[in-house]
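Examining the three-dimensional arrangement
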Amino acid sequence: MIEFGVFGGGSWATALVKILTDNKLIVNWYLRRTEQAEAIQNAGSNPDYLNFVTLNTEYLQCSSQKQFVAQKSTIILFAVPSDGLSDLLIGFDRKWIHNKAVLSAVKGTVGEEHELPSAYISRQLIIPNNLQGILAGPCHAEEIGHRKKTYLTIGAVDPHWQQMLQACFSADYLDVRINADITGIEWAAIYKNVVGLVSGMAKGLRYGDNFIAVLVANALAELREVLRHMGSNAEILSSSYAGDLLVTAYSTHSRNRLFGEMIGRGYSVDKAKDAMNMVAEGYGATRGLYQTTRNFPLKLPILQTAYRVLFKYMPVLTEFKLLEQKLT
Ligand SMILES: NC(=O)C1=CN([C@@H]2O[C@H](COP(=O)(O)OP(=O)(O)OC[C@H]3O[C@@H](n4cnc5c(N)ncnc54)[C@H](OP(=O)(O)O)[C@@H]3O)[C@@H](O)[C@H]2O)C=CC1
Ligand SMILES: O=C(CO)COP(=O)(O)O
């Protein structure tokens, strides 16, 4: 029988647990704070994230024991921020998940080598290709919490697993698309978080819809170039790539856009970080993607703008004046 082991207790994990338990699938949910695990088990909702979402506790077992969750489950799902992955995997024995499918819902780069989450997890836990997968968007946890129509993407290469996961995450308000381009989707998700930040900066600087439309159109072209150089022949005008970029660039739920908006309004990077109560992956993604692509023969002015503002502390308005000249 299928049992999911979900690792991570934030908004995305909460939305995913809701989908799975609504579908009457057993979920063993690892939360690093015991009090959070107990509160969710008792109240049937997560007090800290998406607290309006009611969870079906009949199918839910919360725990702050990694080993218990990993060993009891048949499918492992990681849904923590990318900078929490290495810490999460400390003391995580790969024997606990031998021959189990492992799915990453993480968007970001990991460590100083800027590895993709799926690659990092697979290297650490020695997961064979056919048992690796990712869960991607375009989606925001809040809208899933409200059962708003959403398209999800399952990235996996094994046809049996593709179909099984598609069934697990489908619902009347959820369509699940299958895509075997795992690394392309992950790089697209990393880049789109950078675009969300830059779109937010533009908003904070009081640029209007006319400019932001040009910014996003250029971002799509940049995304295509990045993916080509990463070895993906993706048709980017589909939901898993462009869709994910658009939702982050335009949605009021986007944490990256909110973070960028604060920078545009004049907050320092540290002050903007302090004001966030959820992760904005685009910050680390900007550095990871910049360093990964800096020797590529590509012009990536949007990525460079984000990098110069966030990591070289250049004045955001000055950088946008330069960016204006480079957009086509
Ligand atoms: N939110 C969304 O709509 C979507 C998010 N994602 C991606 O999912 C990932 C998680 O994001 P999200 O849930 O939104 O983030 P949140 O900021 O909402 O929550 C982060 C969660 O991860 C937990 N965490 C952090 N580090 C560790 C660790 N080392 N061990 C165990 N738990 C840890 C935190 O625990 P604590 O509360 O104790 O600090 C918290 O519960 C990100 O990569 C994000 O880009 C992808 C698609 C949609
Ligand atoms: O990855 C995410 C949703 O796709 C979360 O990032 P945003 O909240 O910035 O969109």
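Residues numbered from 1 in each chain as written. Chains lettered and ligands numbered in written order. Predicted model: local features only at pLDDT ≥ 70, side-chain atom pairs only at ≥ 80, totals over all residues. Heavy atoms only, no water.

Digging into the site of ligand 2
The line we're drawing: Near, as used in this document, describes a residue that has one of its heavy atoms within 4 Å of the molecule or strand being considered. Side-chain atoms alone can form a polar contact between residues adjacent in sequence; in general such a contact is a pair of N or O atoms within 3.5 Å, and within protein one must be able to donate a hydrogen while the other accepts it. Accessibility throughout is a Shrake-Rupley quantity obtained with a 1.4 Å probe, and a residue counts as covered only by protein chains that appear here. In the cavity and pocket records, a cavity denotes points on a 1 Å grid over the protein atoms alone where a 1.4 Å probe fits but cannot get out, a pocket denotes an open set with protein on both sides within 12 Å along at least 5 of 7 lines, and lining residues are residues with an atom within 4 Å of a point. A molecule is said to be in a cavity or pocket once over half of its atoms fall within 2 Å of that pocket's grid points. Note on conventions: DSSP H or I runs of at least 4 residues are helices, E runs of at least 2 residues are strands, and numbering of each starts at the N terminus. Gly is placed with the polar residues, together with every amino acid not listed as nonpolar (Ala, Val, Leu, Ile, Met, Phe, Trp, Tyr, Cys and Pro) or charged (Asp, Glu, Lys and Arg).
Taken together, K107, C139, H140, K192, N193, D244, T248, H253, S254, R255 and N256 form the complete shell of residues around ligand 2. Contact between ligand 2 and H140: an oxygen atom at 2.6 Å from a side-chain N or O atom of the residue. Contact between ligand 2 and K192: an oxygen atom at 2.9 Å from a side-chain N or O atom of the residue. Here ligand 2 loses 91% of its free accessible area of 300 Å² to cover by the protein chains. A majority-of-atoms criterion places ligand 2 in the largest pocket. Of all the elements in the fold, those that place two or more residues in the shell around ligand 2 are α8 (182-204), α10 (239-250) and α11 (255-264). A class-by-class count of the residues in the shell around ligand 2 yields one nonpolar, six polar and four charged.

What about the sheet that holds strand β8 (residues 174-179)?
Here is the rule: We call two strands paired when DSSP finds no fewer than two bridges between them. Geometry is summarised by axes, namely lines fitted to C-alpha atoms with helices restricted to the contacting stretch, and by angles between N-to-C directions that run from 0 to 180 degrees. Every residue pair with non-hydrogen atoms within 4.5 Å of one another is taken to be in contact.
As summarised here, the arrangement of the eight strands in space is β3-β2-β1-β4-β5-β6-β7-β8, forming an open sheet in which the pairing is mixed. In the strand order of this sheet, the two ends are held by β3 (60-63) and β8, each with one partner. Strand-to-strand twist in this sheet, taken as the mean axis angle between neighbours without regard to direction, amounts to 20 degrees. Here strand β5 (residues 101-104) runs beside strand β6 (residues 132-136); their pairing, made up of three bridges, is parallel. Its bridge partner being in β6, V102 is matched across the sheet by Q132. Lying on the sheet, helix α1 (residues 11-22) is in contact with β1 (3-7), β2 (26-30), β3, β4 (75-78), β6, β7 (150-156) and β8; it crosses β2 at an angle near 160 degrees.

Quick word on the UniProt feature "domain: Glycerol-3-phosphate dehydrogenase NAD-dependent C-terminal" (unreviewed entry) in the chain
Under the convention used in this document: UniProt positions are given in the numbering used here, feature names are shortened, and annotations may be inferred rather than shown by experiment.
Within the UniProt annotation, "domain: Glycerol-3-phosphate dehydrogenase NAD-dependent C-terminal" (unreviewed entry) is assigned to residues 181-316. A helix fraction of 71% and a strand fraction of 0% characterise residues 181-316, whose end C-alpha atoms lie 35 Å from each other.

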